[in-house]
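Examining the three-dimensional arrangement
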Amino acid sequence: MRPATGVINPSRSPGRVLTLALAAAALGACVPTANRADLPDAATALPCTGQACVPNQLGAAVTTAPLVDCDAAQRGLEFFAPAAVLDNEYNGGSAQYFYQYVDGTAGIWPSGYQPPAIQQDVCGAGNDNDMSFPPLGQNHVLHESGGLFTGWGGGIGIGLEHLNQDSGLCTGVSPLPSYCPPGGSTQLASAVSFAALDVSQWDGISFWARRGPNGQPLMRVLVGDKFTDDDISYLMYVGNPSEPRLCERKGECSCLYQDTTCDWYGANDPAYGSAVTSLTSPLTFPDTLLPTAVQNGEYFCGPPASHPGAASSGGPGAGGNFCGRSLCNRPYSAYPNNGSDAEWVGRACTPFTYRNGTEADLCYNPTGTVDANGASVPADPLPAEADEQCGDHFTFPVHLSEEWQFFAIPFAQMSQQGWAKQAPYFDLTSASVVRFTWDSGYVDYYLDNVRFYRVTRPDGGVVNTPPP
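Residues numbered from 1 in each chain as written. Predicted model: local features only at pLDDT ≥ 70, side-chain atom pairs only at ≥ 80, totals over all residues. Heavy atoms only, no water.

In terms of helices and strands, the protein chain carries 6 helices and 17 strands. Accessible area of the protein chain: about 18800 Å², with a carbon and sulfur share of 54%. (Helix = DSSP H or I, 4+ residues; strand = E, 2+ residues; numbered from the N terminus. Areas by Shrake-Rupley, 256 points an atom, 1.4 Å probe, with all protein chains shown as cover.)

Turning next to the packing of aromatic side chains. Where two aromatic rings form a pair, the distance of their centres and the angle of their planes describe that pair. Within this structure, the stated rule accounts for 23 aromatic pairs. On the numbers, 6.1 Å between centres and 70° between planes, the contact of Tyr265 with Phe300 is edge-to-face. Placement of the pair is Tyr265 in strand 9 (residues 262-266) and Phe300 in strand 10 (residues 297-301), with a sequence separation of 35 residues. In this pair, the class of Tyr265 matches that of Phe300, namely buried. (Phe/Tyr/Trp six-rings, centres within 6.5 Å; stacked < 30°, edge-to-face > 60°. Buried < 20%, exposed > 50% of the residue type's maximum accessible area, 1.4 Å probe, protein only.)

Burial analysis of strand 9 places 5 of its 5 residues in the buried class, the great majority of the element. Side-chain alternation along strand 9 places Cys262, Trp264 and Gly266 on one buried face and Asp263 and Tyr265 on a second face that is also buried. Pairing between strand 9 and strand 10: 5 bridges, direction antiparallel. Bridging across to strand 10, Asp263 finds its partner in Phe300. (Pairing = 2+ DSSP bridges.)

In terms of residue burial, helix 4 (residues 230-239) counts as a mostly covered element, since 8 of its 10 residues are buried. By the burial criterion, the buried members of helix 4 are Asp230, Asp231, Ile232, Ser233, Tyr234, Leu235, Met236 and Tyr237. Here the buried face of helix 4 lies against helix 3 (187-195). One side-chain oxygen at the N-terminal end of helix 4 lies 3.1 Å from the backbone nitrogen of Asp231; it belongs to Asp229. (Contact = heavy atoms within 4.5 Å. Polar contact = N/O pair within 3.5 Å; in protein donor to acceptor, adjacent residues only side chain to side chain.)

A sheet is described by the order of its strands in space; here 5 strands give the open sequence 2-6-15-8-13, paired in antiparallel fashion. Edge positions in the sheet fall to strand 2 (99-102) and strand 13 (394-399), since each has one partner strand and no second. Between one strand axis and the next, the sheet turns through 20° on average, direction left out of account. In this structure, strand 8 (residues 218-224) lies alongside strand 15 (residues 433-438), joined through 5 bridges in antiparallel fashion. (Axes fitted to C-alpha atoms, helices over the stretch in contact; angles between N-to-C directions.)

On inspection of all chains with the given rule, the structure shows 7 disulfides. In this model, Cys247 is linked to Cys390 through a disulfide, with the two sulfur atoms separated by 2.1 Å. Every disulfide takes its handedness from the sign of the S-S torsion; for Cys247 and Cys390 that torsion is 100°, giving right-handed. Of this pair, Cys247 sits in the loop between helix 4 and strand 9 while Cys390 sits in the loop between strand 12 (359-363) and strand 13, placing them 143 residues apart in sequence. A residue is classified by how much of its surface remains accessible, and Cys247, at 2% relative accessible area, is buried. Linked covalently through their sulfurs, Cys328 and Cys363 form a disulfide whose S-S length is 2.0 Å. Disulfide Cys328-Cys363: the torsion about the S-S bond is -90°, which places it as left-handed. Of the two residues, Cys328 is situated in helix 6 (residues 325-328) and Cys363 in strand 12; the sequence distance between them amounts to 35 residues. With relative accessibility at 0%, the residue Cys328 sits in the buried group. The exposure class of Cys363 is buried, given its relative accessible area of 3%. (Disulfide = S-S within 2.5 Å.)

With that settled, consider unusual backbone geometry. A cis geometry characterises the amide bond from Trp109 onward to Pro110, with omega recorded as 0°. Along the polypeptide, Pro110 turns up in the loop between strand 3 (108-109) and strand 4 (118-119). Cis rather than trans, the peptide bond between Ser174 and Pro175 has omega equal to -5°. Positive phi values are uncommon outside glycine, yet Asn91 reaches one of about 55°. Mapping Asn91 onto the fold places it in the loop between strand 1 (77-79) and strand 2. Using a relative accessible area of 70% as the deciding quantity, one classes Asn91 as exposed. At Asn449, a position not held by glycine, the phi torsion is positive, near 50°. Inspection of the secondary structure puts Asn449 in strand 16 (residues 441-456).

In structure tokens, the structure reads:
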């Protein structure tokens, strides 16, 4: 899930079926402000969302930490030279290609795509010649803070397609470098060559990180591959829906925010009409598959713009806090310029019970669905069960202190968490996404120099873990 412009092979309502009765526009509640007396020390500056929240969303106060000997910590390692995953030096100091996503129960600061970084040093004076860091006084780090998250939390990340395509590592280059997947005649090979990198000659992923005094210590680093990545699955579907995919995406359309319901708001609503219009894409509005009375409006979790969209943290309402069939009709957030998501557009938001007994509202047309004119709509296949779904990337948890630490996580020590489809192995020839995630609570993270690394042997060779 990330903003992107590339296209491969370019060629949501609370209702149960498409014939729904008109729901009156409701005045939903905003997220209440936490009791300030219950906040941790110095956490009162952390952002939240909703009309009753503190309006000045400036995040947690910036803190500093003692400078460290980076050369000593990184001795014996070499790093992927063509490009860092994150160095925070883009355009004078920002997290190039990084997206953010949150559970909607709180905001994150700074918000939006490619968030700005702050100027802060990590390495001491003796490390000025380390070319991975700018000289003293010129280094930037990403400072992310927010909370209190009361749902599943959130994350930041990058699709490695951006390094493959936008950074030019694998475009217009002949012969292809070893880190560029070669492609092939199948949609899978095409998607991998477009959106992934071959990091099989590298040992793992490294980064510098710490936390502020009020941030939770737990942070996870994740790397996804062709077996786990939603984006690879999406690109395959766009290219050829009939080619079997390695995992399936989940088109969830329910309202995930704990204090809201999914309600319809019309474009002529005196209180929310302007927000409905400004948040709505021409691709989904009006929704001609709905009865005429509810075509000129959308379904939202709470009032329009009252919550951040789950896959975009550009502030309250950025990308729209859509739900129901309005969410089914939206573009896939990783490829917003591709138009409506072909796998979900025009589907009803339908309750579904998985075989493990859990329930969710999902984008699919069950048997018996009819359109606004009473005509039958073809039934879709049943949604994928959890053990067929994408998203369970290879993960490693780290615990941050208030001082800078260097983390070098071997790929061989990363594993899936077990909540979605299990990969047969970690395919390092198709690494397609890197993320950092958190659970419920407060976050106050500092992050810099995310890179692939490998251990250098005394004979000048490298020690690496090849794929099976």
